[in-house]
Protein chains: 2
Amino acid sequence: MRLAVPVSGSTPKTRLASVLSPDERRDFTEAMLADVVDAVTSAGHEPEVISTAPLDCAVPVTVDDRGLDPLVNDLLASTVTDDEGALAVVMADLPLVTRESIERLLAPEADVVLAPGLGGGTNAFVCRHPEFRVDYHGASIRDHRETARDVGASVTEVDSRRLATDIDEPDDLAEVLLHSDGAAADWLKQSGFELTATGGRVDVERFR
Amino acid sequence: MRLAVPVSGSTPKTRLASVLSPDERRDFTEAMLADVVDAVTSAGHEPEVISTAPLDCAVPVTVDDRGLDPLVNDLLASTVTDDEGALAVVMADLPLVTRESIERLLAPEADVVLAPGLGGGTNAFVCRHPEFRVDYHGASIRDHRETARDVGASVTEVDSRRLATDIDEPDDLAEVLLHSDGAAADWLKQSGFELTATGGRVDVERFR
């Protein structure tokens, strides 16, 4: 199965601008990507990393500056042309993923396998249906369910917190420190981030 | 296996006070509890609902006004007395849970099975070790991992977004509308809540 990891490499993670400088956001993006590449590789697959700008990565990076929708839809059109073709797409900002969560994503035999993200996104999917296409705007998980139904594809969803946790906002950083000891967690610790427990959910603070 | 569902029934869900009145928070709490009871029942188990105050529920409710820690630790002490006893505890504010997610929680044979919540909580667990105790304050998932190790228990974690999604804050309501068609989702829709897609994650707005 072909497995693509699209990355926004040009001005990544702007919603983390309140806690990270542009250079730091780029470094953190590379650390998260390293965790995803590790998980995919240890699950026995070869990730194709496709970035909008050059990035440091342990595997070759293809630079393609198109937006996410045209990029992924082009991959779908060229890969899933008949009953044989299959494409998996895993976002690069999922530093909690493990070999097991990638295996769970790839296990079901449905035409379309969706891994919802927190807040309505679609963090990963597998497609074996030639007519399925993506649209990542808005509540994409709802649109993808509907699109899959519209083209007559069988659909299943993977119930994984690790695949659901994309790191977009400062509050999300706590999840990395709580549940990972990978490159992104190391980077956050080295950059002075620590967990702080207040009344409700755990948060992070930066101490240097 | 004994399966307890503790509920805060007296002044529930205060962190939803900006969008729900006290009476509404109580109704919504009952709707979420109904979803959890449904999931547990359809997984073939009989939930013991234990609330700090009387609540409407399809199964009998035991009223016990102790805090969560002494309540659960007392259940552990009285249930898991040897190699035979086992106790599962599932929080009542998990309206996304399904039969499958409850089955996944109960499947592993480890001494302690933890289901992390978003933000460092422990949304559900199974215990088969007579010395394991809980402390829900702060980043409880870290403390529970450590406690389990300290008493020499084998530990595993369940990677489930549905078990991880406890509904505490207004932002969490979107997850209910996105991923459930149970009682809590119905209640939100009937109370005028709708999904709104902006730039980043999906949110909810109340229209009446």
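Calculation rules
- Residues numbered from 1 in each chain as written.
- Chains lettered and ligands numbered in written order.
- Predicted model: local features only at pLDDT ≥ 70, side-chain atom pairs only at ≥ 80, totals over all residues.
- Heavy atoms only, no water.
- UniProt positions renumbered as here; feature names shortened; annotations may be inferred.
- Salt bridge = Lys/Arg side-chain N within 4 Å of Asp/Glu carboxyl O.
- Buried < 20%, exposed > 50% of the residue type's maximum accessible area, 1.4 Å probe, protein only.
- Helix = DSSP H or I, 4+ residues; strand = E, 2+ residues; numbered from the N terminus.
- Pairing = 2+ DSSP bridges.
- Axes fitted to C-alpha atoms, helices over the stretch in contact; angles between N-to-C directions.
- Contact = heavy atoms within 4.5 Å.
- Buried area = accessible area lost by both parts, 1.4 Å probe.
- Polar contact = N/O pair within 3.5 Å; in protein donor to acceptor, adjacent residues only side chain to side chain.
- Least-squares fit on C-alpha atoms with pLDDT ≥ 70 in both.
- Right-handed = clockwise from strand over helix to strand, strands pointing away.

In the annotation of UniProt, chain A is listed under the name 2-phospho-L-lactate guanylyltransferase and assigned to Haloarcula marismortui. Quoted straight from UniProt, the Subunit entry for chain A says "Homodimer." Quoted verbatim from the Sequence similarities field of the UniProt record, the comment on chain A reads "Belongs to the CofC family."

Trainee: How would you sum up the pattern of salt bridges? Please name residues and give values.
Mentor: By the definition in use, this model includes 24 salt bridges over all chains. One salt bridge connects A:Arg99 with A:Glu100, and the closest N-O pair in it is separated by 3.0 Å. Classification of A:Glu100 as partly exposed rests on a relative accessible area of 42%. As a salt-bridge pair, B:Glu103 and B:Arg99 come within 3.0 Å of each other at their nearest N and O atoms. Taken together, the residues B:Glu103 and B:Arg99, both in helix H3 (residues 99–106) and four residues apart, mark about one turn of the helix. One salt-bridge network, in which partners are shared between bridges, spans A:Lys13, A:Arg15, A:Asp93, A:Asp168 and A:Glu169.

Trainee: Which residues make up the pairing of strand S5 (residues 112–116) of chain B, and what values do they have?
Mentor: Residues and elements named next belong to chain B. Taking burial as the measure, the five residues of S5 include five buried ones, the bulk of the element. Neither face of S5 is left uncovered, since the one carrying Val 112, Leu 114 and Pro 116 and the one carrying Val 113 and Ala 115 both have all their residues buried. Pairing analysis gives five bridges linking S5 to strand S6 (residues 122–127), with the strands arranged antiparallel. Within S6, the position partnered with Val 112 by the bridge is Cys 127. Where S5 folds back on S6, the antiparallel hairpin that results is connected by five residues, among which Gly 119 adopts a positive phi of roughly 85°.

Trainee: Lay out the sheet that holds strand S2 (residues 47–51) of chain A with the relevant residues and their values.
Mentor: Residue and element names in this part refer to chain A. Strands sit in the order S3-S2-S1-S4-S6-S5-S7 across an open sheet of seven strands; the sheet is mixed. Two strands bound the open sheet, and with one partner strand each, they are strand S3 (61–63) and strand S7 (155–157). When strand polarity is set aside, the average angle formed by the axes of neighbouring strands in this sheet is 25°. Sheet topology places S2 next to S3; three bridges connect them, and they run parallel. Bridging from a neighbouring strand, Ile 50 pairs with Thr 62 of S3. Contacts from helix H2 (residues 68–79) reach strand S1 (2–7), S2, strand S4 (87–90) and strand S6 (122–127) within the one sheet, and its direction differs from that of S1 by about 170°.

Trainee: Break down the interface of chain B and chain A for me, with residues and values.
Mentor: Chain B puts 31 residues into the contact, and the matching count from chain A is 31 residues. Counting each side, the surface lost to burial between chain B and chain A is near 2,600 Å², with a carbon and sulfur contribution of 48%. If you sort the residues of chain B by the area they bury against chain A, B:Asp159, B:Arg161 and B:Arg201 come out on top, with a joint share of 29%. Our enumeration of links across chain B and chain A arrives at two salt bridges.

Trainee: Give a description of unusual backbone geometry that names residues and reports values.
Mentor: Residues and elements named next belong to chain A. Non-glycine residue Lys 13 carries a positive phi angle of around 60°. With respect to the helices and strands, Lys 13 occurs in the loop between S1 and helix H1 (22–42). Of the residues examined, Lys 13 reaches a relative accessible area of 16% and is grouped as buried.

Trainee: Which residues make up the side chain of A:Ser140, and what values do they have?
Mentor: All names here are of chain A. Position of Ser 140 relative to the elements: it lies in helix H4 (residues 140–150). Side chain to side chain, Ser 140 and Thr 122 meet in a polar contact 2.8 Å long. In contact with Ser 140, not counting residues within four places along its chain, are Gly 120, Gly 121, Thr 122 and Asp 135.

Trainee: If you had to explain the sheet that holds strand S2 (residues 47–51) of chain B to someone new, which residues and values would you point to?
Mentor: All names here are of chain B. The strand order across the open sheet formed by seven strands is S3-S2-S1-S4-S6-S5-S7, and the pairing between neighbours is mixed. Of all the strands in the sheet, just strand S3 (61–63) and strand S7 (155–157) have a single pairing partner and so form its edges. The mean inter-strand angle of the sheet, taken between neighbouring strand axes irrespective of direction, is 25°. Bridge count for strand S4 (residues 87–90) against S6 is four bridges, and the pairing is antiparallel. In the strand pairing of S6, Val 90 is matched with Ala 124. With respect to the sheet, helix H2 (residues 68–79) is in contact with strand S1 (2–7), S2, S4 and S6, its orientation differing from that of S1 by roughly 170°. The sheet strands contacting H3 are S1, S4, S5 and S6, and the helix crosses S6 at an angle near 50°.

Trainee: I'd like to hear about the relation of the copies chain B and chain A, residue by residue, with values.
Mentor: Its rotation angle being 180°, the transformation that places chain B on chain A also includes 0.0 Å of axial translation and leaves an RMSD of 0.0 Å. Here the transformation between the copies is reduced to the relation of a two-fold axis. Mapped onto chain A, 100% of the interface residues of chain B again fall at the interface, so both copies present the same surface.

Trainee: Tell me about the pairing of S2(B), residues and numbers included.
Mentor: Across the five residues of S2(B), four count as buried, placing the element largely inside the fold. Between the parallel elements S1(B) and S2(B), the chain passes through helix H1 (residues 22–42) of chain B in a crossover that is right-handed.

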